[in-house]
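Each chain is listed here by its residues.
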Amino acid sequence: MEWVLNEEQEMLKTMARDFIAKECQRAHIRAMLDDEVGYSPVLWKKIAELGWLGLTLPETYGGAGMSFRDLAVLCEEMGRALLPAPFISTVVFGGMLINAYGTEEQKKEWLPKIINGEVIVSPALLEEDGDLWPGGINMRAIARDGEFSLTGTKLFVTDARAATHFVVAARTEKTDNPEDGITLFLVDAKEWGIFIKSLGSMDLLRKQYEVEVTRVAVPVSNIIGGVNKGWPILKQIATVAAAVLSAEMVGGMEWVLDTTVAYTKDRIAFGVPIGSFQAIKHQCADMKTALEYSRSLMEWAAEAIKDNDPDAPLAVSMAKAYCGDSYRFMTNRGVQIHGGIGFTWDHDMHLYFKRARSSDTAFGDANYHRELLAKHFDKHMGGSTVRGRGAMMMM
Amino acid sequence: MAEEPMKLVAFRKEVRAWLRANLPRGWGTPEFKIPESMTLERHQLGMWWVKKCYDAGYTGFGYPKEYGGVERPVEERAIIREEMARTGTPGGPYSLGLLLAAPTILRAGQEWQKKRFIPRILSGEESWCEGFSEPNAGSDLANVQTTAVKDGDEWVVNGQKVWSSNSRYADFGVLLVKTDLQAPRHRNLSYFLFDCKVKGFDRRPLRQMSGESEFGEMFFDNMRVPDKNMVGELNRGWYVAMTTLGAERGGGGAAAAAATEGGRRTVGAGTLDLVELAKNTKRYGKTAWEDSHFRQQIMQIAIESEAMRYSGVRNIARLRALRQPPGNEVSISKNFSAEMRQRRGELSMDIIGAYSQMMRGSPLAIDDGDWVYASLRAKGATIEMGTSEVNRNIIAERILGLPR
């Protein structure tokens, strides 16, 4: 396990920060708030050219063959800037999912197109109840003449208008155990029968949509991981997504702390910088503390996934829960300490505040992950440390 | 860590085996009753333990060999610390010499002081107490009122100290006293080492809210201290004290991330204790573990324990890469661990409900009142070694650079 960034990671971090500062300026962010699609195809192309879309994918398919920890470094920078792009969706639910669970044909077909930016993937998983659990997946998929016909409505779908393809979780069989009978499909977004509706969601830099699917035919060759095998795969890929999101959150938290601390040094009230008041100092100290422990857990989780550590799901749940809580705490303090200006639309703090909400909610909120941990403790009582054995697929 | 190198895995096993063989018989079981704080038995048990650890090469790190220092790779030290935290050890309260006196003497002391005192601190031969806080100088430590007046080659000390850890049986003490009545704050104090056996020194235990007396009051009535016992320069004692307070906080926070609570429980291993407690406690007809409110909070403690652990490991790696000693960031870990200890304490009390009122000795006490004791004792954690408020100021001013 590495606790200090290596030279390559430092380079990646600097490169990412410089690139984002140049290509994703405030005017771009502000323009994206009102953009229905939510990303810039020009910027996407540049991101593809940097090789970031295939950062962790094998070189055989045109990827850069770097590690999950490297990806976390990159995502931190994106989270710090709130870079509006379908990056996590595509990298995790396109590249990493297909690379880990796809057939050789699927890898050959899709990975190069994902890496060069041609294919943009969005995960369409949640439905009416908004929770990530097998009982919540009720979209029907009926087998018919060598293909499946999908009908149902997916909600809370991010990057839906940017996507060329959806990864859809649908029910191929009704069973007593809701975990059985779920299948993952790669669905072409241009199909007739797919209708996308904006939902008016809070995080305007990661907007959410309704994706209505009516009798859309999907060939068997677009099934990922096999019929009725979807849930365990989904659980594991959601773990990876939660880890990526944790990295993004840590980057965002860093922006919130830096920005808030800078403000308390500049802002004068009662003739002195407000940062000289203990009431402000102590809140900043608590923010720094929250960031420190969020980062520690996030780095542990990223290293655990990189090393294919059996404890990885545990580490990710801890990181996701702690980062989700901390990001919300920090943006709450960030708005408060900024005072009136922090409550305006014009200041960027609310964008982070809203991102904190959308990030905590996605792929299981803090409560959900604490429950996952509790289940683990239930199963593995009697050890001498917190750690135990989970099961984690190679990523 | 799943991929801990084989060498370290072997070392961890070695430490575990050593602990099994050397901890007092019955340690960690209900049969073993640790003597009450501030009793002679407890003191002797602690000193015996330090000596054992030193003889095994498990303590005494970070000091030159000539002063009795022991060399060992940082990773192995971390393993020793973790393993000791896991079992708990009888040594907790007796580490003041190790936490405070030895680092201070090493950094600011004279050559004779280093040679005379450090080896016997490391080996557990001599124990130390702390003479900093006074009734009117706690967080505002610079307000020390105890005076020392020069008389020939000696200083005559008068005044009172309070909250002096381990004062009852200590052989020596460190002392912060006012040596200049006119000079401005921070430039009027000097730092001394004193022998507890001299005339004019008196001490008595101070009972704390948990019912025990880990700390004491010390009284100086014309106590004489040789001039050569001064550490650092005359009237610069404040700076000597400040440079080493961080070491104590580091000891209370990051280093001892799983600080033993009265030598019984550790924070890290405490998660499993809590799960077990919740599973064994019935509330309104079902176990507390079945109540998601309790379950969630216990898991939050589990998360925070691991966060602390990885933050500790991460900081060690980072400081090593930068070749720097621990700095102000110990204020972060000190606060976090202290506050977490309190959260954990409160949670355990919430879980056992009405039984949280039953103290040790009560026929209704759960686990011999350990939970209640730990919870009460934890209240001191955010006050001792720099209050949470003082540490928050340090984080804000010295790490984040906010104006003073």
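Cut-offs applied
- Residues numbered from 1 in each chain as written.
- Chains lettered and ligands numbered in written order.
- Predicted model: local features only at pLDDT ≥ 70, side-chain atom pairs only at ≥ 80, totals over all residues.
- Helix = DSSP H or I, 4+ residues; strand = E, 2+ residues; numbered from the N terminus.
- Rg over C-alpha atoms; globule rule 2.2 N^0.38 Å.
- Buried ≥ 20, exposed ≤ 12 C-beta atoms within 10 Å, placed from the backbone.
- Contact = placed C-beta atoms within 7 Å.
- Nonpolar A, V, L, I, M, F, W, Y, C, P; charged D, E, K, R; others polar.
- Axes fitted to C-alpha atoms, helices over the stretch in contact; angles between N-to-C directions.
- Parallel < 35°, antiparallel > 145°, perpendicular 65-115°, else oblique.
- Pairing = 2+ DSSP bridges.
- Core = buried A, V, L, I, M, F, W, Y, C linked by C-beta atoms within 7 Å.
- Expected span 1.5 Å × (residues − 1).
- Domains from an automatic or database assignment.
- pLDDT = per-residue confidence, 0-100.
- Left-handed = near helix turned anticlockwise from the far one by under 90°.

**Topic: the overall build of chain A**
- When you go through chain A residue by residue, the secondary structure sums to 11 helices and 10 strands.
- The globule rule puts the C-alpha radius of gyration for 395 residues at 21 Å, and the 21 Å found for chain A is close to it.
- Across its three principal directions, the C-alpha atoms of chain A cover 75 × 55 × 40 Å.
- Within chain A, buried positions represent 54% of all 395 residues.
- Of the contacts formed within chain A by residues at least 6 apart in sequence, a portion of 73% connects residues at least 24 apart.

**Focus: the overall build of chain B**
- Helices and strands together make up the secondary structure of chain B, namely 11 helices and 10 strands.
- Here the C-alpha radius of gyration of chain B, 22 Å, is about what a compact globule of 404 residues would show, namely 22 Å.
- C-alpha atoms of chain B, sized along the principal axes, occupy 75 × 50 × 50 Å.
- Considering chain B as a whole, with its 404 residues, one finds that 46% of them fall into the buried category.
- Sequence separation of 24 or more characterises 70% of the internal contacts of chain B that already satisfy a separation of 6 or more.

**Quick notes on the interface of chain B and chain A**
- Listed by partner, the interface residues are 35 residues for chain B and 37 residues for chain A.
- Of all the secondary structure elements, the ones that give two or more residues to the side of chain B that touches chain A are α7 (270-280), α8 (292-322), α9 (330-352) and α11 (388-399) of chain B.
- If one sorts the elements of the side of chain B that touches chain A by residue count, α8(B) sits on top with 16 residues.
- Considering only residue class, the side of chain B that touches chain A consists of 20 nonpolar, seven polar and eight charged.

**A look at the packing of helix α9 (residues 312-338) of chain A against α8(B)**
- Where α9(A) contacts α8(B), the axes come no closer than 10 Å and their chain directions differ by 100 degrees. Taken together, α9(A) and α8(B) sit at an angle that is classed as roughly perpendicular. Touching Met318(A), Ala321(A) and Tyr322(A) of α9(A) are Ile303(B), Glu306(B) and Ala307(B), all from α8(B).
- Its residues assigned to classes, the contact of α9(A) with α8(B) shows five nonpolar, no polar and one charged.

**Structural notes on unusual backbone geometry**
- The backbone of Phe156(A) sits at a positive phi, close to 55 degrees, despite the residue not being glycine.
- The exposure class of Phe156(A) is buried, given the 22 C-beta atoms found within 10 Å.

**Topic: the pairing of strand β2 (residues 147-151) of chain B**
All names here are of chain B.
- The sheet contact formed by β2 and strand β3 (residues 154-165) spans five bridges and is antiparallel. Within the sheet, the bridge partner assigned to Ala148 lies in β3 and is Val157.
- Taking the residues between adjacent antiparallel strands as the criterion, β2 and β3 are bridged by two residues, where Gly152 takes a positive phi near 65 degrees.

**Side note on the nonpolar core**
- Among the nonpolar cores identified, the biggest contains 165 residues, and Leu150(A), Phe185(A), Val244(A), Ala301(A) and Ala319(A) are the most heavily contacted of them.
- The residues touching Phe185(A), leaving out its near neighbours within four places in the chain, are Ala141(A), Phe148(A), Leu150(A), Val168(A), Ala170(A), Val218(A), Asn222(A) and Ile223(A).
- In this structure, Leu98(B), Ala170(B), Leu189(B) and Phe201(B) belong to the second largest nonpolar core, which totals 55 residues.

**A look at helix α7 (residues 230-266) of chain A**
- For α7(A), which comprises 37 residues, the first-to-last C-alpha distance of 53 Å matches the rise-based estimate of 54 Å (1.5 Å per residue) to within 8%.
- Of all 37 residues in α7(A), 27 are buried, a share of seventy percent or more.

**Remarks on the domain arrangement of chain A**
All names here are of chain A.
- Partitioning chain A into domains gives domain 1 (7-120), domain 2 (123-228) and domain 3 (232-379).
- Look at where the C-alpha atoms of domain 1 and domain 3 centre, and you get two points 22 Å apart.
- Of all elements in the fold, only α4 (68-81) and α5 (87-101) reach the threshold of two or more residues within the side of domain 1 that touches domain 3.

**Quick notes on the confidence of the model for chain B**
Residues and elements named next belong to chain B.
- Of the residues in chain B, 92% have a pLDDT of 70 or more, and the chain-wide mean is 87.
- Within the model, the stretch residues 252-268 combines pLDDT values under 50 with 60 contacts to residues more than four positions away or in other chains.
- For this predicted complex, the interface score ipTM comes out at 0.91, alongside a pTM of 0.86.

**Section: the environment of Arg140(A)**
Residue and element names in this part refer to chain A.
- Relative to the helices and strands, Arg140 is located in strand β2 (residues 140-144).
- In this structure Arg140 comes out as partly exposed when scored by C-beta crowding, with 15 C-beta atoms within 10 Å.
- In this structure the C-alpha to C-alpha distance between Arg140 and Pro41, which are 99 residues apart in sequence, comes to 33 Å.
- The contact partners of Arg140, leaving out residues within four places of it in the chain, are Thr151, Gly152, Ala170 and Arg171.

**Quick notes on helix α8 (residues 278-306) of chain A**
- When the terminal C-alpha atoms of α8(A) are compared, their 41 Å separation across 29 residues agrees well with the 42 Å that a helix rising 1.5 Å per residue should span.
- Where α8(A) ends, the next residue or the one after it, Asn308(A), has phi of about 55 degrees, a positive value.

**Quick notes on the pairing of strand β7 (residues 208-219) of chain A**
All names here are of chain A.
- Both strand β3 (residues 147-158) and β7 contribute to a ladder of nine bridges, which runs antiparallel. Residue Gly152 lies in a different strand from β7, and its bridge partner there is Val213.
- Two strands pair when backbone bridges link them, and strand β6 (residues 194-198) and β7 are joined in this way by five bridges, in the antiparallel orientation. Bridge assignment links Ser198 to a residue of β7, and that residue is Tyr209.

**Details of the packing of α4(A) against α7(A)**
Residues and elements named next belong to chain A.
- Two numbers describe how α4 lies on α7: the axes approach to 6 Å, and their chain directions differ by 45 degrees. Considering their axes alone, α4 and α7 lie oblique with respect to each other. Note on packing geometry: the crossing formed by α4 with α7 is right-handed. Residue-level contacts link Leu71, Ala72, Cys75, Glu76, Glu77, Met78, Gly79 and Arg80 of α4 to Val244, Ala247, Glu248, Met249, Val250, Gly251, Gly252, Glu254 and Trp255 of α7.
- Partitioned by chemical class, the residues of the contact of α4 with α7 number nine nonpolar, three polar and five charged.

**Overview of the domain arrangement of chain B**
All names here are of chain B.
- Once the domains are mapped, chain B shows domain 1 (6-122), domain 2 (128-236) and domain 3 (257-399).
- Computed over C-alpha atoms, the centres of domain 2 and domain 3 are 32 Å apart.
- On the side of domain 3, eight residues touch domain 2, which itself brings four residues to the contact.
- The residue inventory of the side of domain 2 that touches domain 3, partitioned by class, reads one nonpolar, three polar and no charged.

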